[in-house]
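# A structural walkthrough
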Amino acid sequence: MLLAGVTAGALPASAQSDWHDPFPPHRIADHLYYVGSKGLASYLITTTNGHILINSSFERTVPIIRTNIQALGFKFTDIKILLTSHAHSDHASGHALVKQLTGARVEVMEGDAKVIANGGEGQYLYTDDDKWKPCVVDRVLKDGDVVTLGDARLTARLTPGHTRGCTTWLIRATDGGQAFNVVIIGSPNVNPGYVLVNNRDYPEIAADYEKTFRLLKSLPCDIFLGAHGSYYGMEAKYARLQKNPKANPFIDREGYRAYVDDRAKAFREAAGKQR
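First, a word on scope: everything that follows refers to the structure included in this document.

So, how was this worked out
- Residues numbered from 1 in each chain as written.
- Predicted model: local features only at pLDDT ≥ 70, side-chain atom pairs only at ≥ 80, totals over all residues.
- Heavy atoms only, no water.
- Salt bridge = Lys/Arg side-chain N within 4 Å of Asp/Glu carboxyl O.
- Helix = DSSP H or I, 4+ residues; strand = E, 2+ residues; numbered from the N terminus.
- Buried < 20%, exposed > 50% of the residue type's maximum accessible area, 1.4 Å probe, protein only.
- Phe/Tyr/Trp six-rings, centres within 6.5 Å; stacked < 30°, edge-to-face > 60°.
- Pairing = 2+ DSSP bridges.
- Core = buried A, V, L, I, M, F, W, Y, C linked by side-chain atoms within 4.5 Å.
- Axes fitted to C-alpha atoms, helices over the stretch in contact; angles between N-to-C directions.

Next up on the list: the pattern of salt bridges. With the rule as written, the count across this model stands at 14 salt bridges. Close ionic contact of Glu-235 with Lys-38 constitutes a salt bridge, the shortest N to O distance being 3.9 Å. On the criterion of sequence distance, the pair formed by Glu-235 in helix 7 (residues 234-243) and Lys-38 in the loop between strand 2 (32-34) and strand 3 (43-47) is long-range, its members being 197 residues apart. Looking at Lys-38, the relative accessible area reads 29%, which means it is partly exposed. The network of salt bridges with common partners includes Arg-105, Glu-107, Arg-139 and Asp-145.

A few words on the packing of aromatic side chains. Tallying each qualifying case throughout the model produces 15 aromatic pairs. Relative to Phe-58, the ring of Trp-19 lies with its centre 5.8 Å away and its plane at 40 degrees, an arrangement referred to as tilted. Of this pair, Trp-19 sits in the loop between helix 1 (13-16) and strand 1 (26-29) while Phe-58 sits in the loop between strand 4 (50-54) and helix 2 (62-71), placing them 39 residues apart in sequence. The exposure classification of Trp-19 matches that of Phe-58, with both residues buried. Each ring, one from Tyr-209 and one from Phe-213, has its centre 6.4 Å from the other, and the planes form 20 degrees; the classification is stacked. With Tyr-209 and Phe-213 both in helix 6 (residues 205-218) and four residues apart, this pair spans about one turn of that helix. Here the two residues Tyr-209 and Phe-213 agree in accessibility, since each one is buried.

Attention now goes to the pairing of strand 4. Of all five residues making up strand 4, five are buried, and the element is well covered by its neighbours. Summarising the sheet, strand 3 and strand 4 pair through five bridges and their orientation is antiparallel. Within strand 4, the position partnered with Thr-47 by the bridge is Gly-50. Where strand 3 folds back onto strand 4 in an antiparallel hairpin, the turn is made up of two residues. Here four bridges tie strand 4 to strand 5 (residues 79-83), and the two strands are oriented parallel to one another. In the strand pairing of strand 5, His-51 is matched with Ile-79.

Time to look at the nonpolar core. Within soluble globular proteins, side chains that are nonpolar tend to cluster in buried spots. Ranked by internal contacts, the top residues of the largest apolar core, which has 56 residues, are Tyr-43, Leu-154, Trp-169, Leu-225, Tyr-232 and Tyr-256. Residue contributions to this core peak at seven residues, all from helix 8 (residues 253-274). With 24 residues, the next largest nonpolar core counts Ile-79, Ala-87, Ala-96 and Trp-132 among its residues.

Next up on the list: the pairing of strand 10 (residues 167-175). For strand 10, a buried count of seven out of nine residues is recorded, marking the element as mostly surrounded by other parts of the structure. Two elements, strand 9 (residues 152-158) and strand 10, share five bridges in a ladder whose sense is antiparallel. Note on strand 10: the bridge partner recorded for Ala-156 is Trp-169. Where strand 10 lies against strand 11 (residues 178-185), seven bridges are found, and the strand directions are antiparallel. Looking across to strand 11, one finds that Ala-173 is bridged to Phe-180. What sits between strand 10 and strand 11 in their antiparallel hairpin is a turn of two residues, with Gly-176 showing a positive phi close to 60 degrees.

Another aspect to go through is the sheet that holds strand 12 (residues 223-226). If you walk across this open sheet you meet the five strands as 8-9-10-11-12, and the pairing is mixed. Every other strand in the sheet has two partners, leaving strand 8 (146-149) and strand 12 as the edge strands with one partner each. Geometrically, the sheet is characterised by an average inter-axis angle of 25 degrees between neighbouring strands, direction not taken into account. Pairing analysis gives four bridges linking strand 11 to strand 12, with the strands arranged parallel. Along strand 12, the bridge assignment pairs Ile-184 with Leu-225.

Function-wise, these values are silent; they only describe arrangement.
Take a look at the structure:
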């Protein structure tokens, strides 16, 4: 089956080869789990009042997410809130299906909310050929808004550029009795085909990226996660977790700083070539 919604603004085909491959679900910290495919990250935050899911990915990968949640001992139908990293098809085109199956409340950052409500229409570089099923958005978020369910609190930080409403999620999680700052980066990447200088469709794109990097560099981060597991070396860290379950490999302050610095450098180089 062809990958729905793959466009010139998406990742190269080589990076998409594992998007639909299953991957073992695993615990990251107390009440925080990885439930996505090998290439597309989805996260489950569990509470006594139901659960929060970040990223539905494609419709085709929703069964992977459901199977992973069930393998961890939780009910897929207990998802009460559905969030996303950003409104690209590889993170949000499964929203309508997840909402249909669970009745979850969909909360989306301003700038991406209309895109998800319109099934992809209105997103930079996307065309009618890239549309997915529209999904009703129940709450439009603004920068700094807090999403709560039970005792879980997630802070939505607007990190635009990759999309206008690209969202980085902040959570406080515990592990081994210690509290940690969790940062789930939305995406700071400049995709192939992005115009950063004199962009008529998205005039503020470069300024948005600059805002994003200033914010990401200011955030305290202990546990580093992202919209794709490749951002934080998920596969290697999972392998380390299997060898030594008592040490949490996802605690990676230096890796977070190095990743943000690397992506900021890549943005500056891409912008420089277009001037």
